[in-house]
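# Structure at a glance
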Amino acid sequence: MALEIDREKCMACGGCVSLCPADALELKNKELTIDHEKCVECGNCVKFCPVKALEIKKDQQKGEQND
Amino acid sequence: MTENQPLNFKKEYDVIIVGGGPGGSIAARDCAEKGLDTLVIEKRPELGTPVRCGEGLGKAWMEIADLEYDPDWCKRETRGAIVYPPNEKSLKIDPENHGYVIERKIFEKKLAEQAGRKGADYMLKTRAKKVIKEENKDGETQVKGVIVENDQGETKEYRSKIVIAADGVESKIARTAGINTKNPIKDMDAGYEYEMTNLKFPEDQTRHIHIWLGDEISPGGYIWAFFKDEDVANVGIGVNPTKAEKSAKQYLDEWINNHPEYFKDAAITEKKGGGIPLGEPIEEPYTNGLMVIGDAAHMVNPIHGGGMGQAMEAARIAAETAEKAIKKEDYSAEQLSEFAEKWWEKRGNQLKDIQKVRNFAESLTDKELNKLREIIDQEGVLELIEASNLKKFLKIFKGSPKIAMKAAKHLK
């Protein structure tokens, strides 16, 4: 499992940053970054995202298209 | 290179402000005006962008912030609101206090210009990573400035007597000083907004802000249209992520598609997103050497989500407190607690009451919201959203047992 960002959708609004209990999200140079070491995959940011740019993907789905 | 060269920064300031939004720049203006050496650290390369805001600002807030009308950023005067309950039987509200829909990009720059003229320094494209912590004479941790990463990728230290954290909804700097500025997800609305042109609203309605309510269209929030011109408006939505089944954008898109009478020929000129912290303000937004203002301290009206005015008001109180502390050479939490005391008295307690109204409004079903619109008139709505006389409503709702029960639960 891993949290992934759809960069096409993400507006770097930063709302998710303050919801992250693990301090895993940050805005750097107008881009949202994920620290996967810190991420606990709680799903707060996924639930919040106004444009559904975040998703927790199962490992086997990685690399697949249109999932 | 010396400190005297125009582009160089000092190593030490009286006050360092993290964040160059409306709160940060008003704090900078006031601090600099009081003769304090002031530095603003801003992570963006340009103030004012990206915009994450509905851009409505009441005239009362402009007075509080000591700002005058400026045609450069006061785009359009608003004279009231039109509120649509779920059945869309609208209610027109004409309050005494009017406001403006502003151009935030220009607004933020103008505020920084004002602060710069008073002598404040601005350091852009620089990220405040954490506060400098040292032990004070009482053996407690004292904030003594900030460690930044500048636009060259260098890590540098800038020291100050006081730090003001004005770093907005995703605030991190206050957390590094031990103040928990995080929001639980139930208290953070997801916001999404388009700036649109070629809208078709009746001309006599484009001086009003429009508010559409209902769980179907925007669970836990509302949809708004704030006009910048007769046919130009910010059309946005806030939804509560714990109640929403779709993204904020999806709710807004569907609603726009269902209202061709307004949007048939519209074009989108800007897309904006953001988080709106609607929970209770942080009880103690200060520690040794640091104060927190604005969205970072959740100083937001929990009914409409507006935060610029609250941030600027808190900024002025923080600047006053900073001046006093520096005169007394006392930067302890105890000394800075004066900021919180004054802010709670002036605004915080009212926001807490408004929170009750929000909880009440959120507890109502769409049917009850329709009913509410029949029970109270425009003055009632104004009183309710200002939370100015909550007890009165317990009586008014007596004829509608379900609403009265919810009112009794939430408005006490």
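Residues numbered from 1 in each chain as written. Chains lettered and ligands numbered in written order. Predicted model: local features only at pLDDT ≥ 70, side-chain atom pairs only at ≥ 80, totals over all residues.

With that settled, consider the overall build of chain A. Each helix and strand counted, chain A has one helix and four strands in total. Starting at the N terminus, the α and β elements of chain A follow one another as β-β-β-α-β. In chain A, buried positions account for 30% of the 67 residues. (Helix = DSSP H or I, 4+ residues; strand = E, 2+ residues; numbered from the N terminus. Buried ≥ 20, exposed ≤ 12 C-beta atoms within 10 Å, placed from the backbone.)

Our focus in this paragraph is the sheet that holds strand S15 (residues 232-239) of chain B. Residue and element names in this part refer to chain B. Spatially, the seven strands line up as an open sheet ordered S6-S5-S13-S14-S15-S12-S16, and their pairing is mixed. In this open sheet, the two edge strands, each paired with only one partner strand, are strand S6 (91-93) and strand S16 (267-277). Going from strand to strand, the sheet's axes swing by 20 degrees on average, the running direction of each strand aside. For strand S12 (residues 188-197) and S16, the ladder comprises 10 bridges, and the chain directions are antiparallel. Residue Asp189 lies in a different strand from S16, and its bridge partner there is Ile276. Most of the contacts of helix H5 (residues 248-257) go to S15, to which it runs at about 130 degrees, and overall it touches S12, strand S14 (222-229) and S15. (Pairing = 2+ DSSP bridges. Axes fitted to C-alpha atoms, helices over the stretch in contact; angles between N-to-C directions. Contact = placed C-beta atoms within 7 Å.)

Attention now goes to the interface of chain A and chain B. At the junction of the two partners, chain A supplies 15 residues and chain B supplies 20 residues. Considering each element in turn, the side of chain A that touches chain B owes the most residues, three residues, to helix H1 (residues 44-48) of chain A. For the side of chain A that touches chain B, a count of residues per class yields nine nonpolar, four polar and two charged. (Nonpolar A, V, L, I, M, F, W, Y, C, P; charged D, E, K, R; others polar.)

The next point concerns the domain arrangement of chain B. Residues and elements named next belong to chain B. With domains assigned, chain B is organised as domain 1 (12-50 + 106-182 + 279-353), domain 2 (78-98 + 185-277) and domain 3 (355-410). Each of domain 1 and domain 2 was reduced to a C-alpha centroid, and the two centroids are 31 Å apart. Facing the seven residues of domain 1 at the interface are eight residues of domain 2. Looking at side-chain class alone, the side of domain 1 that touches domain 2 contains three nonpolar, three polar and one charged residues. (Domains from an automatic or database assignment.)

This brings us to the sheet that holds strand S4 (residues 74-78) of chain B. All names here are of chain B. Spatially, S3-S7-S4 is the arrangement adopted by the three strands of the open sheet, whose pairing is antiparallel. In this open sheet, the two edge strands, each paired with only one partner strand, are strand S3 (56-58) and S4. Strand-to-strand twist across the sheet, computed as the mean angle between neighbouring axes with direction ignored, equals 30 degrees.

This next bit is on the nonpolar core. Generally speaking, soluble globular proteins have nonpolar side chains that are buried together. All names here are of chain B. One finds Ala27, Ile164, Ile293 and Ala318 to be the most contacted residues of the largest nonpolar core, which totals 116 residues. Looking at which element gives the most residues to this core, the answer is helix H7 (residues 308-328), with 11 residues. Two domains each donate at least three residues to this core, and these are domain 1 (12-50 + 106-182 + 279-353) and domain 2 (78-98 + 185-277). Beyond its immediate stretch of four places on either side in the chain, Ile293 contacts Gly23, Ala27, Ile164, Ala166, Met299, Ala311, Ala314, Ala315 and Ala318. (Core = buried A, V, L, I, M, F, W, Y, C linked by C-beta atoms within 7 Å.)

Below, the discussion takes up helix H1 (residues 22-33) of chain B. Residue and element names in this part refer to chain B. Here H1 contains 12 residues, and its C-alpha end-to-end distance of 16 Å stays within 8% of the 16 Å for a straight helix at 1.5 Å per residue. Judged by how many residues are buried, H1 sits mostly within the fold: 11 of 12 residues are covered. For H1, the full list of buried residues reads Pro22, Gly23, Gly24, Ser25, Ile26, Ala27, Ala28, Arg29, Asp30, Cys31 and Ala32. Packed against the buried residues of H1 are strand S1 (12-18), strand S2 (38-41), helix H3 (104-118), strand S11 (155-165) and H7. At the C-terminal side of H1, Gly35 shows a positive phi close to 85 degrees. (Expected span 1.5 Å × (residues − 1).)

Residue and element names in this part refer to chain B. Relative to each other, helix H8 (residues 333-363) and helix H12 (residues 401-410) sit at 150 degrees, their axes nearing to 9 Å. Judged on the interaxial angle alone, H12 and H8 are roughly antiparallel. For the element pair H8 and H12, the recorded crossing hand is right-handed. Across the interface between the two elements, Lys356, Asn359, Phe360 and Ser363 of H8 pack against Lys406, Ala407 and His410 of H12. Classifying every residue of the contact of H8 with H12 gives two nonpolar, three polar and two charged. (Parallel < 35°, antiparallel > 145°, perpendicular 65-115°, else oblique. Left-handed = near helix turned anticlockwise from the far one by under 90°.)

Here the focus is the pairing of strand S2 (residues 25-28) of chain A. On any regular strand, side chains alternate: one points to one face of the sheet, the next to the other face. All names here are of chain A. Where S2 and strand S3 (residues 31-34) come together, four bridges link them in antiparallel fashion. Paired with Glu26 across the strands is Thr33, a residue of S3. Counted between consecutive antiparallel strands, the loop separating S2 from S3 contains two residues, among which Asn29 sits at a positive phi close to 45 degrees.

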